[in-house]
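Summary of the model geometry
Next come the chains, spelled out residue by residue.
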Amino acid sequence: MSRFLIPGLSALEPYTPGEQPRDRRYIKLNTNESPFPPSQGVIDAVNGQAGLLQLYSDPDSTELTRRLAETYGVEPRQIIATNGSDEVLNFAFLAFADAAHPLAFADITYGFYPVFAALNRIPYRTVPLKEDFSIDPGDYIGTGETVVIANPNAPTGLCLPVSDIERIVASNPDRVVIVDEAYVDFGAESAVRLVDRYDNLLVTGTFSKSRSMAGARLGFGIGSPALIADLHTVRCSTNPYNVNRMTAAAGVAALEDAGYFRRNCRIIEQNRGELTRELRALGFAVPDSKANFVFARTGRIGGRQLYLELKKRGILVRHFEKERIRDYNRITIGTAEQMQTLVRTIKQILEEQA
Ligand code: PMP
């Protein structure tokens, strides 16, 4: 830390992304990326922009916004495109929360929420998940807080029905409710259909997982036109060219390749079902995930130890050294072959332990 950093930021603990080691080739099941490359259309679209990089990108992401609006059945003025969904979350925290409008989110959820809150100096309340890691919607009903819910939640993979989301949104009409749908495409139900009815609902999404574009950094927010206008104000006061040319073109192409996207999502769901069955057969507790990962623990080996043993054998999973969940690992769903290697390796580790 330099002697110039302002006191307000001196205690800021940045978000720790999943490790990206370069020492060897790993089967990477630690950051919820897609195991599938982007579609050929996306690759061609990126290449098509390379010779135009001397020009700024379109600050309104007009074409991408239009295609997103078509895809989600809303108007373009109900959409903001951002540099990953992390950016729209940060914009929303900045725009809709402060000391007088504190935040509420789960104790076990996406680790960036407390970091954005601290960065923007927003007080927050963490709401304990139930014993089984599910969210009790009652904890958020009529509390008058700015609510953030990852649905499906990470790292648990559990999701709330949209009827429960609606109750929370309807009960807090004077505060924004942010529903982070980073993982919604793997079998959960989206709250986007509620945005026309509730002007306090912001739904966020990403191309990082289901559309195989984590490296391109593309996310979006969907809400009422007024709410989205506020987010554009923050965006244009931060970085008007927040979506670069290659990524905007890639996003349009990804939306055009709807068949490729749907096929990949279904494969992930199948592989998730298979992995869940195999892990349960080995004695693991695995909550029913609707995301592209599962959350698993076993009494046969500690969470951290299993993570380390897998890493030694070339498989990366995500372990959180955090109360309530240190017995668990979050395992991204990969290809069927990767999942078979994972299960085989876990069996070996468990046998060696015995
Ligand atoms: N929300 C949740 C719950 C996540 O797990 C992630 C991925 N780390 C994000 C949002 C942000 O993803 P991205 O910025 O890549 O869209």
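These numbers come from a predicted model, not from an experiment.

Under the defined criterion, the tally for this structure stands at 22 salt bridges. A salt bridge links Arg 277 to Glu 274; the nearest nitrogen and oxygen atoms lie 3.1 Å apart. In this pair, Arg 277 and Glu 274 are both assigned in helix H9 (residues 258-281), three residues apart and thus about one turn of the helix distant. Given a relative accessible area of 53%, Arg 277 falls into the exposed group. Through salt bridges with shared partners, one network takes in Glu 63, Arg 66, Arg 67, Glu 70 and Glu 256.

Right, let's get into the packing of aromatic side chains. Each aromatic ring pair is summarised here by two numbers: the centre-to-centre distance and the angle between the ring planes. By the definition in use, this model includes 16 aromatic pairs. Look at Tyr 72 and Phe 220: their rings are 5.2 Å apart centre to centre, the planes differ by 40°, and that puts the pair in the tilted class. Of this pair, Tyr 72 sits in helix H3 (residues 62-72) while Phe 220 sits in strand E8 (residues 219-222), and the two are 148 residues apart along the sequence. Residue classification places Tyr 72 among the partly exposed residues on the basis of a relative accessible area of 23%. Each residue in the set Tyr 15, Phe 93, Phe 105, Tyr 110, Phe 112, Tyr 113, Phe 116 and Tyr 124 is aromatic and connected to the rest through ring pairs, giving one cluster. Lying over the aromatic face of Tyr 26, Arg 24 brings its terminal NZ or CZ to 5.2 Å of the ring centre. Between Arg 211 and the ring centre of Phe 261, over which it is positioned, the NZ or CZ distance is 3.8 Å.

Here we take up the sheet that holds E8. In spatial order, the strands read E2-E8-E7-E6-E5-E3-E4; together these seven strands make up an open sheet with mixed pairing. The open sheet is flanked by strand E2 (79-82) and strand E4 (124-127), the only strands paired with a single partner. Direction aside, neighbouring strands of the sheet carry axes that sit 20° apart on average. Here strand E3 (residues 103-106) runs beside strand E5 (residues 146-150); their pairing, made up of two bridges, is parallel. Pairing of Leu 103 across the sheet is with Thr 146, part of E5. Most of the contacts of H3 go to E2, to which it runs at about 125°, and overall it touches E2 and E8. Across the face of the sheet, helix H4 (residues 84-96) comes into contact with E2, E3, E5, strand E6 (177-180), strand E7 (201-206) and E8 while running at roughly 120° to E2.

Reading the values: the criteria
- Residues numbered from 1 in each chain as written.
- Predicted model: local features only at pLDDT ≥ 70, side-chain atom pairs only at ≥ 80, totals over all residues.
- Heavy atoms only, no water.
- Salt bridge = Lys/Arg side-chain N within 4 Å of Asp/Glu carboxyl O.
- Helix = DSSP H or I, 4+ residues; strand = E, 2+ residues; numbered from the N terminus.
- Buried < 20%, exposed > 50% of the residue type's maximum accessible area, 1.4 Å probe, protein only.
- Phe/Tyr/Trp six-rings, centres within 6.5 Å; stacked < 30°, edge-to-face > 60°.
- Lys NZ or Arg CZ within 6 Å of the ring centre and 35° of its normal.
- Pairing = 2+ DSSP bridges.
- Axes fitted to C-alpha atoms, helices over the stretch in contact; angles between N-to-C directions.
- Contact = heavy atoms within 4.5 Å.

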